[in-house]
Structure formats: C-alpha cells, structure tokens
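Chains, contacts and geometry: an overview
Each chain, letter by letter, is given below.
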Amino acid sequence: MQIVHHIKELKAILLQQKENGVSIGFVPTMGALHEGHLSLVRKCKQSNDITVVSIYVNPAQFNNKNDLKSYPRDSERDCKLLSSEKCNIVFIPDDKEMYPVPDTREFNFGLMEQVMEGVHRTGHFNGVAKIVSKLFEAVEPDKAYFGQKDFQQLAIIRKLVKMNHYDIEIVACPIVREKNGLAMSSRNTLLTKEQRNAAPLIFKVIKEASNNLTSHHSVKSVKEYVRNTINSNKLLKLEYYEIVERNTLKPVSEISLKIPLTACIAVYAGNIRLIDNIDIN
Ligand code: AMP
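Computed from a predicted model, the values in this text were never measured in an experiment.

Parameters and conventions
- The numbering scheme is per chain: residues are counted from 1 as the chain's sequence reads.
- Per-residue local features are limited, in this predicted model, to residues with pLDDT of at least 70; the limit for side-chain atom pairs, both in listing and counting, is 80 or more; totals at the level of whole chains, interfaces and linings are taken over all residues.
- The basis for the side-chain values is all heavy atoms of the structure; hydrogens and waters are excluded.
- Secondary structure counts use DSSP, requiring at least four H or I residues in a row for a helix and at least two E residues in a row for a strand, with both numbered from the N terminus.
- Radius of gyration here is computed from C-alpha atoms only, and the compact-globule reference equals 2.2 Å multiplied by the residue count raised to the power 0.38.
- Working definition: with a 1.4 Å probe on protein chains only, accessible area under 20% of the residue-type maximum means buried, over 50% means exposed, and in between means partly exposed.
- Contact between two residues is taken to exist if any of their heavy atoms lie within 4.5 Å; hydrogens are not considered.
- Each accessible area is a Shrake-Rupley result for a 1.4 Å probe, and residues are judged covered by the shown protein chains and nothing else.
- In this tally, Lys and Arg are treated as positive and Asp and Glu as negative; His is ignored, and so are the chain termini.
- The location of each charge is read from NZ of Lys, CZ of Arg, CG of Asp or CD of Glu.
- Pairs of strands are assigned from DSSP output, requiring at least two bridges between the strands.
- Here an axis means a line fitted to C-alpha atoms, over the contact stretch when the element is a helix, while the angle between two N-to-C directions is reported on a 0 to 180 degree scale.
- A crossover gets the label right-handed when its path from the first strand over the helix to the second runs clockwise, viewed with the strands pointing away from the viewer.
- To be near a molecule or strand, a residue needs just one of its heavy atoms within 4 Å of it.
- Polar contact criterion, stated in full: a pair of N or O atoms within 3.5 Å, where within protein one must be able to donate a hydrogen and the other to accept it, and residues adjacent in sequence count only if both atoms are side-chain atoms.
- Amino acids outside the nonpolar list (Ala, Val, Leu, Ile, Met, Phe, Trp, Tyr, Cys, Pro) and the charged list (Asp, Glu, Lys, Arg) are all regarded as polar, and Gly is one of them.

1. Points about the overall build of the protein chain
Along the protein chain, the regular secondary structure elements total 11 helices and nine strands. Scaling as 2.2 N^0.38, a compact globule of 281 residues should have a C-alpha radius of gyration of about 19 Å, and the protein chain matches this with 19 Å. Dimensions of the protein chain, computed from the C-alpha atoms along their principal axes, are close to 60 × 40 × 35 Å. Considering the protein chain as a whole, with its 281 residues, one finds that 52% of them fall into the buried category. Looking at the protein chain alone, contacts between residues at least 24 apart form 72% of all its contacts between residues at least 6 apart. Total accessible area computed for the protein chain in this model is approximately 14000 Å², and 50% of it derives from carbon and sulfur atoms. Put simply, the protein chain has 38 plus and 32 minus side-chain charges, and the middle of one group is 4 Å from the middle of the other.

Following this line, the structure appears as structure tokens:
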C-alpha cells in the first residue's frame, strides 16, 4: 500500500496505472475509520483494479470550530486498517496541499441545500463541493463510493458530477450499523457511555415512524411523535426530522406511495451531532 501526501505524486502514480488500462475506484473519507468506511473500501475493491482512499478532515465543510477541533484523527490506525483491506493507495494531504490559495468558489445546489443539513449547517455543502471537486480532479476515478448514511451529501455529489460533467460513476453504499441499530460514525467515539446507550433510540424511532407512515398516520403527527420520543430522553435533543422526496429532497407533508421517500433525522447528544435516515417506501 502506497501512502501519498502530494497531488503531483498521486497524479503521476495514477497516470502510469491508467496508461496500463486499469480501473480506478475512489473512497473519500475524513479518517477515524470504522466498519462503515471499510464497507465502501471492500465494495470498491470488488469492481476496480486500484482502490484509492483519501483521508482529509476538510475545514471548509465545518461550520462549527469546536466540531473541527474535536474531530477524531488517527491516521496511523487508519493506514493499518486500510493495509489489511489491501487498499492500494492512501492519499493523506494537509491543508496547504488542498488549499494552496483560498478557494472562493460558490456552488449553487438550489433546493437541495436549502433543507435539512443545508439549513442547520450553513456553508457545509459548499465546503463539501470544494473538497470533493478537488479530490475528483486529483484522482480522476472511474467510480467513487459514498455512504447512504450521508443521504443529502450523496444527492449533492450526484448533482456536482452532473454540473461539472465529471465522467465518474457514483456508487451509493448502504448504512452500516452497530448491533443496536446506531449508524456507525467517527463521531460515535466522542460519545460518553451514557450517550452511547441513549443514541440507538435515534434509529429505533425513525424505524417505528416509517412503519407507522406506511399505514395511515399523517406526516405532522409522525413528526410530533419523533420529536417527543427523542426529547423525552434527557441526553438527546432533536434538531430536525424531515420526510423528503428521495430524488429531489423536497420535504413532503403527505405520504404518496408513488414517490420514493426518505426520512432524515439530526439529533444532538450533548455537543455531538448525529444524523441518520431511512427509506420509507
Ligand atoms: P466521513 O469520513 O464521515 O466523511 O465518511 C466517508 C464516507 O463514508 C462517506 O461517503 C460516508 O457516507 C461513509 N460512511 C460513514 N459512515 C457510514 C456508515 N455507517 N455506513 C456506510 N457508509 C458510511
């Protein structure tokens, strides 16, 4: 496994590989790897000759300084894990490498960034688009792998690919969960023992709510149910629960069985923000 820190070197290695006709798969991450990340790496390995994983905590996508400061980092452990998965190349740039000059680009994703994460994390998706576009241009992969855990991010990235005419296939990968249902996340390591015990309620509630929705409950009453149940646990606080059209991310107030829907949730456990989602129909 090669560990690369500079774009120039990365491009040179990949150019040589591409000249030999190999396919390149890419998994962008912020490190502190867990089974969720590794599921993407395994899927990537299955259908590409070369698997490139990037590890970079991108300051541009953090709207909260403390969140950026406390974000878990352990690239040595990450590299060991990736090496045992037989990953081919790990790209670990620093801030100077990714942002040699200030990146003042403004992306416009329309409605997609005016709901949920876009509302509660101002500028987040602009920061995501900055780094993902830079990484895509550095790696030029055939396929790139993203988790459905970040449902809205996945939709934004698909749009970014269309907007910029990238010749990259975006592969969506299912959410990997703990046995108790909690969606795996690097931020889970920051939870106290008590918060960790409380957090599985998040998935439990959205699962129950989605079962109710397929019968006859209204979206309004389900939203109330989710808010009350989450907030009844004193360690958790609901930020939002929204049911949206899966493809457009447009929030709905009524359930239609004809349109695929996804329910998305963001919850605070102390200062730690956790997100999850579930497909409804
Ligand atoms: P991150 O390091 O949080 O930026 O995540 C890197 C990639 O891993 C993103 O595409 C995430 O959606 C994906 N990912 C994170 N957690 C999970 C999970 N529990 N299951 C599946 N994919 C995940």
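2. A few points about the sheet that holds strand β9 (residues 272-279)
Across a sheet, strands are paired by hydrogen bonds formed along the backbone, either parallel or antiparallel in direction. Overall, antiparallel pairing links the three strands, which are arranged β7-β8-β9 in an open sheet. Because the sheet does not close on itself, it has two edges, and the strands there are β7 (236-245) and β9. Each neighbouring strand pair of the sheet contributes to a mean axis angle of 15°, computed without reference to strand direction. Alignment of strand β8 (residues 261-269) against β9, held across eight bridges, turns out to be antiparallel. Each residue of the ladder has a partner; that of A269, found in β9, is I272.

3. Focus on the pairing of strand β6 (residues 169-173)
Side-chain positions along a regular strand alternate between the two faces of the sheet. Here β6 lies mainly inside the structure; four of its five residues are buried. Alignment of strand β5 (residues 143-147) against β6, held across five bridges, turns out to be parallel. Counted as the bridge partner of G147 is C173 from β6. Each parallel crossover has a hand, and the one from β5 via helix α8 (residues 151-163) to β6 is right-handed.

4. Points about the site of the ligand
Around the ligand sit 16 residues in total, of which M30, H37, D150, V176 and M184 are the nearest. One of the backbone nitrogen or oxygen atoms of G147 is found 2.9 Å away from an oxygen atom of the ligand. Isolated, the ligand exposes 480 Å² of accessible area, and the fraction of that covered by the protein chains is 92%. Taken together, the elements giving at least two residues each to the shell around the ligand come down to β2 (24-29), α2 (35-47) and β5. For the shell around the ligand, the leading source of residues is α2, giving three residues. Classifying every residue of the shell around the ligand by side-chain character gives nine nonpolar, five polar and two charged.

Read these as layout, nothing more, since geometry by itself doesn't imply function.
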